[in-house]
Amino acid sequence: MTQETPTLPTRPEAATEPPKSTKKVFVKTYGCQMNVYDSERMGDALSSDGYQAVDSVEAADLVLINTCHIREKAAEKVYSQLGRLAQLKKQRKARGEDLMVAVAGCVAQAEGDEIIRRAPVVDVVIGPQTYHRLPGALARARSGESVVETEFPPEDKFERLPAAPADTIRTRGVSAFLTVQEGCDKFCTFCVVPYTRGAEVSRPVERIVGEAERLAAAGVREVTLLGQNVNAWHGEGSDGREWGLGELVRRLAEIDGLDRIRYTTSHPRDMDDALINAHRDLPQLMPYLHLPVQSGSDRILKAMNRRHTAADYLRLVERIRAARPDIALSGDFIVGFPGETDEDFEATMQLIEDVEYAAAFSFKYSIRPGTPGADMDGQVDEAVKSERLARLQALISSQTREFGRKCVGRTVELLLEKPGRNTGQLVGRSPWLQPVIVDAKAGRIGDIVPVRIIETGPNSLFAEPVGPQSGNQGARSFDS
């Protein structure tokens, strides 16, 4: 799941005395939900350091670029943006003004000192595991030092980050991300995550629960648990046993006001019975599961080091659907992995036909320097990759449309999240993560209301309110 989202830190709670400062920061976020969460936490740290958010580069004293290394030519995209910032910094200097530039995230981790060498405009390079050190790194940079913080430190960054005050949480919406696990030990041959995010690390139960309780107390009604391999999470529970993600979800479901729980991204090998049973038993755990498979060919799966077969995956899907028949599945697919033949690709298409996805993310394979896949023989021609991707995406799109059509006429619980594009509309998310547009009379932002799906659109569904609104049944509106 990728996106490019401006993510801005916001002012601390009024009861907290902020440092007296006029420093302003603009944060640009690339990539997955975890990067969005990371940007929010860096924003909390900067806010405590006296920074205020602005919505344009031109108004900023500090520009922070939080980068992603998953997409092709990610590093070059960053260098291109840094070139534009170099011109802006030069203009500022001519006026006697200052501009600091920091690069964070996975490109920062992968490139390190090379960023400073190629783009002297950069003052600070900071990796995903060290962003709790950002205020100190900026202080060192102001004294003239070029700072590169990309080691994997022994301390827990989450312990050292300030908690966002309630009013800051409220500005971010009724749904929130919560990182519970980072890094990956799977070493898929196409993936840079083990090198940029490090080995698998699970946050302790009590810290996850504490953060979730703070979110719920501030009005958050839905939380998405994040991890590069989120269902590999494990930790000692309150009963002294080692818990997996299923047990953690059960504990979070006990938090008052936390009405919806999701998690992403999962690995098929870590989908155990406890987690499947949580889908069966917990109404708070939404019936939507992102379960990447990448390919339907056993030969390609082996070359990818996925350590499961297509049949393993299909049997797992069968078990999950037996436990939760209304669950919607999404997946990830890579086409054109080195050595992929027409037969391999057709096996992927057959798997998609067999599973019937509600959504999916699909990409052409692109080389990631330093990964085993980069040195494999049989690199597939770009034209072939493009043709295969178009066919795969057409099939996924048809399945997504069909899933939407099956929702028409159903009554579902809708979490109202934000105003719609048009006056008098609100937009919410269905249990299956679909955006749904409804008349604003249905309730207020933060309410969970029953609606009937009446129509499908290109990218969303349309609904009408049903019966008494849950806002009159004790639902906590976000603006109350």
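This one's a predicted model, so the numbers in the text were calculated from it and none came from an experiment.

### Observations concerning the overall build of the protein
Moving on, step 1. The number of helices and strands found in the protein is 15 helices and 22 strands.
Moving on, step 2. For the protein, the C-alpha radius of gyration of 23 Å lies close to 23 Å, the compact-globule estimate for 480 residues.
Moving on, step 3. Oriented by its inertia axes, the alpha-carbon framework of the protein measures out at about 65 × 60 × 50 Å.
Moving on, step 4. Expressed as a percentage of the 480 residues in the protein, the buried residues total 55%.
Moving on, step 5. Taking the intrachain contacts of the protein between residues at least 6 apart in sequence as the baseline, contacts between residues at least 24 apart amount to 72%.
Moving on, step 6. For the protein, the exposed surface amounts to about 20700 Å²; the carbon and sulfur share of it is 49%.
Moving on, step 7. The distance from the centre of the 61 positive side-chain charges to the centre of the 69 negative ones in the protein is 4 Å.

### Details of the sheet that holds strand S18 (residues 411-419)
Moving on, step 1. What the five strands build is a closed barrel, ordered S18-S19-S20-S22-S21; its pairing is mixed. Going from strand to strand, the sheet's axes swing by 55° on average, the running direction of each strand aside.
Moving on, step 2. Of the pairings in the sheet, the one linking strand S19 (residues 425-429) to strand S20 (residues 435-439) comprises five bridges and is antiparallel in character. Paired with Val 427 across the strands is Ile 437, a residue of S20.

### A word on the pairing of strand S4 (residues 62-67)
Moving on, step 1. For S4, a buried count of six out of six residues is recorded, marking the element as mostly surrounded by other parts of the structure.
Moving on, step 2. Side chains of S4 alternate between two faces, with Leu 62, Leu 64 and Asn 66 and Val 63, Ile 65 and Thr 67 buried alike.
Moving on, step 3. Direction of pairing for strand S2 (residues 24-31) relative to S4: parallel, over a ladder of five bridges. Each residue of the ladder has a partner; that of Thr 29, found in S4, is Asn 66.
Moving on, step 4. In this structure, S4 lies alongside strand S5 (residues 100-105), joined through six bridges in parallel fashion. Bridging from a neighbouring strand, Asn 66 pairs with Ala 104 of S5.

### Notes on the sheet that holds strand S11 (residues 222-226)
Moving on, step 1. Across the sheet, which stays open at both edges, the three strands sit in the order S8-S11-S14 with parallel pairing between neighbours. The sheet terminates laterally at strand S8 (175-179) and strand S14 (260-264), the two strands that pair on one side only. Across this sheet, the average inter-strand angle for adjacent strands is 25°, counted without regard to direction.
Moving on, step 2. Summarising the sheet, S11 and S14 pair through five bridges and their orientation is parallel. Residue Leu 225 lies in a different strand from S14, and its bridge partner there is Tyr 263.
Moving on, step 3. Lying on the sheet, helix H1 (residues 33-48) is in contact with S8, S11 and S14; it crosses S8 at an angle near 90°.

### Observations concerning the packing of helix H13 (residues 310-323) against helix H14 (residues 342-355)
Moving on, step 1. Look at H13 against H14: their axes get within 11 Å of each other, and the N-to-C directions meet at 10°. Overall, the two elements H13 and H14 adopt an arrangement that is roughly parallel. Seen from H13, the contacting residues are Ala 310, Tyr 313, Leu 314 and Arg 321; seen from H14, they are Leu 351, Asp 354 and Val 355.
Moving on, step 2. Class assignment for the residues of the contact of H13 with H14 results in five nonpolar, no polar and two charged.

### Observations regarding the packing of helix H9 (residues 205-217) against helix H10 (residues 245-252)
Moving on, step 1. Between H9 and H10, whose axes approach to 10 Å, the crossing angle comes to 35°. Between H9 and H10 lies a crossing whose hand is right-handed. Listed contacts from H10 to Val 205, Ile 208, Val 209, Ala 212 and Glu 213 of H9 are Leu 248, Arg 251 and Leu 252.
Moving on, step 2. Of the residues assigned to the contact of H9 with H10, the class counts are six nonpolar, no polar and two charged.

### Some words on the pattern of salt bridges
Moving on, step 1. Per the counting criterion, the structure on display carries 37 salt bridges.
Moving on, step 2. A salt bridge links Arg 140 to Glu 145, with the nearest nitrogen and oxygen atoms 2.8 Å apart.
Moving on, step 3. By relative accessible area, which is 31% here, Arg 140 ends up partly exposed.
Moving on, step 4. We note a salt bridge from Glu 149 to Arg 140, for which the minimum N-O separation is 2.9 Å.
Moving on, step 5. The network of salt bridges with shared partners includes Arg 41, Asp 44, Arg 172, Arg 203 and Glu 211.

### Observations regarding the packing of aromatic side chains
Moving on, step 1. By the definition in use, this model includes four aromatic pairs.
Moving on, step 2. When the ring of Phe 333 is compared with that of Tyr 357, the centres are 5.4 Å apart and the planes differ by 90°; the resulting orientation is edge-to-face. Taken together, the residues Phe 333 in strand S16 (residues 328-335) and Tyr 357 in the loop between H14 and strand S17 (359-364) connect sequence positions 24 residues apart.
Moving on, step 3. Assessed through its relative accessible area of 0%, Phe 333 is described here as buried.
Moving on, step 4. By relative accessible area, which is 2% here, Tyr 357 ends up buried.
Moving on, step 5. Taken together, a centroid distance of 5.1 Å and an interplanar angle of 70° make the contact between Phe 337 and Tyr 365 edge-to-face. Here Tyr 365 lies in the loop between S17 and helix H15 (382-407) and Phe 337 lies in the loop between S16 and H14, a separation of 28 residues in the sequence.
Moving on, step 6. Classification of Phe 337 by relative accessible area gives buried; the value is 0%.

### A short note on the confidence of the model for the protein
Moving on, step 1. Considering every residue of the protein, the mean pLDDT works out to 89; 91% of them sit at 70 or more.
Moving on, step 2. Note on residues 1-20: pLDDT is under 50 here. Beyond four places in sequence and across chains, it has 54 contacts.
Moving on, step 3. Ignoring residues within four places in sequence, the model shows residues 469-480, a span with pLDDT below 50, making 35 contacts including any to other chains.

### Looking at the environment of Thr 196
Moving on, step 1. Residue position: Thr 196 is located in helix H8 (residues 193-196).
Moving on, step 2. Each C-alpha atom, one on Thr 196 and one on Gly 83, is 24 Å from the other, the two residues being 113 residues apart in sequence.
Moving on, step 3. When sequence neighbours within four positions are dropped, the list of residues in contact with Thr 196 reads Cys 106, Gln 109, Ala 110, Pro 128 and Phe 152.

Parameters and conventions
- Residues numbered from 1 in each chain as written.
- Predicted model: local features only at pLDDT ≥ 70, side-chain atom pairs only at ≥ 80, totals over all residues.
- Heavy atoms only, no water.
- Helix = DSSP H or I, 4+ residues; strand = E, 2+ residues; numbered from the N terminus.
- Rg over C-alpha atoms; globule rule 2.2 N^0.38 Å.
- Buried < 20%, exposed > 50% of the residue type's maximum accessible area, 1.4 Å probe, protein only.
- Contact = heavy atoms within 4.5 Å.
- Areas by Shrake-Rupley, 256 points an atom, 1.4 Å probe, with all protein chains shown as cover.
- Lys, Arg positive; Asp, Glu negative; His and termini not counted.
- Charge placed at Lys NZ, Arg CZ, Asp CG, Glu CD.
- Pairing = 2+ DSSP bridges.
- Axes fitted to C-alpha atoms, helices over the stretch in contact; angles between N-to-C directions.
- Parallel < 35°, antiparallel > 145°, perpendicular 65-115°, else oblique.
- Nonpolar A, V, L, I, M, F, W, Y, C, P; charged D, E, K, R; others polar.
- Left-handed = near helix turned anticlockwise from the far one by under 90°.
- Salt bridge = Lys/Arg side-chain N within 4 Å of Asp/Glu carboxyl O.
- Phe/Tyr/Trp six-rings, centres within 6.5 Å; stacked < 30°, edge-to-face > 60°.
- pLDDT = per-residue confidence, 0-100.

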